[in-house]
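# Examining the three-dimensional arrangement
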Amino acid sequence: MTKKNHWGKNKMDETLKQIRCRPECGFMVRSHSGAEVIELALMHVKKAHPTINVSPDELRKRIRTL
Ligand SMILES: [Zn+2]
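In this report, the structure presented in the accompanying data block is examined. (Residues numbered from 1 in each chain as written. Predicted model: local features only at pLDDT ≥ 70, side-chain atom pairs only at ≥ 80, totals over all residues.)

### Details of the overall build of the protein chain
Broken down by element type, the protein chain carries three helices and three strands. Listing the helices and strands of the protein chain from first to last along the sequence gives α-β-β-α-α-β. (Helix = DSSP H or I, 4+ residues; strand = E, 2+ residues; numbered from the N terminus.)

Okay, here's the thing in structure tokens:
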């Protein structure tokens, strides 16, 4: 598995991935697809925290595997 394909849209891993927003927000997203958690988290940040500018790369670093 190469790093490039690891987060590919169609690649499903067995591990569950999770991104949490700030504690005061409480938002959390989980998926088996790393690309999907990032996508959903980006959508959440844009909607709920329009003043925060976060890149997909930063979100990738925040992913926890369960
Ligand atoms: Zn949030």
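### Structural notes on the nonpolar core
Grouped burial of nonpolar side chains is what soluble globular proteins tend to show. Within the largest apolar cluster, seven residues are counted, these being Ile19, Val29, Val37, Ile38, Ala41, Val45 and Leu59. Considering every element that reaches this core, the biggest residue donor is helix H2 (residues 34-48), with four residues. (Core = buried A, V, L, I, M, F, W, Y, C linked by C-beta atoms within 7 Å. Buried ≥ 20, exposed ≤ 12 C-beta atoms within 10 Å, placed from the backbone.)

### Structural notes on the sheet that holds strand E1 (residues 17-20)
Taken together, three strands build an open sheet; the order of strands is E2-E1-E3 and the sheet is antiparallel. Both outer strands of the open sheet, strand E2 (28-31) and strand E3 (64-65), are each paired with one neighbouring strand and no more. Where E1 meets E2, four bridges bridge the pair, whose relative direction is antiparallel. Counterpart to lysine 17 in the pairing with E2 is serine 31. In the packing of H2 onto the sheet, contacts are made with E1 and E2, and the angle to E2 comes to roughly 160°. (Pairing = 2+ DSSP bridges. Contact = placed C-beta atoms within 7 Å. Axes fitted to C-alpha atoms, helices over the stretch in contact; angles between N-to-C directions.)

### Things to note about the environment of aspartate 57
Here aspartate 57 lies in helix H3 (residues 56-61). Expressed as a C-alpha distance, the spacing of aspartate 57 and isoleucine 38, which sit 19 residues apart in the sequence, is 8.8 Å.

### Considering the environment of histidine 32
Inspection of the secondary structure assignment puts histidine 32 in the loop between E2 and H2. We classify histidine 32 as partly exposed; it has 13 C-beta atoms within 10 Å. When the C-alpha atoms of histidine 32 and glutamate 14 are compared, they prove to be 6.4 Å apart, with 18 residues separating the residues in sequence.

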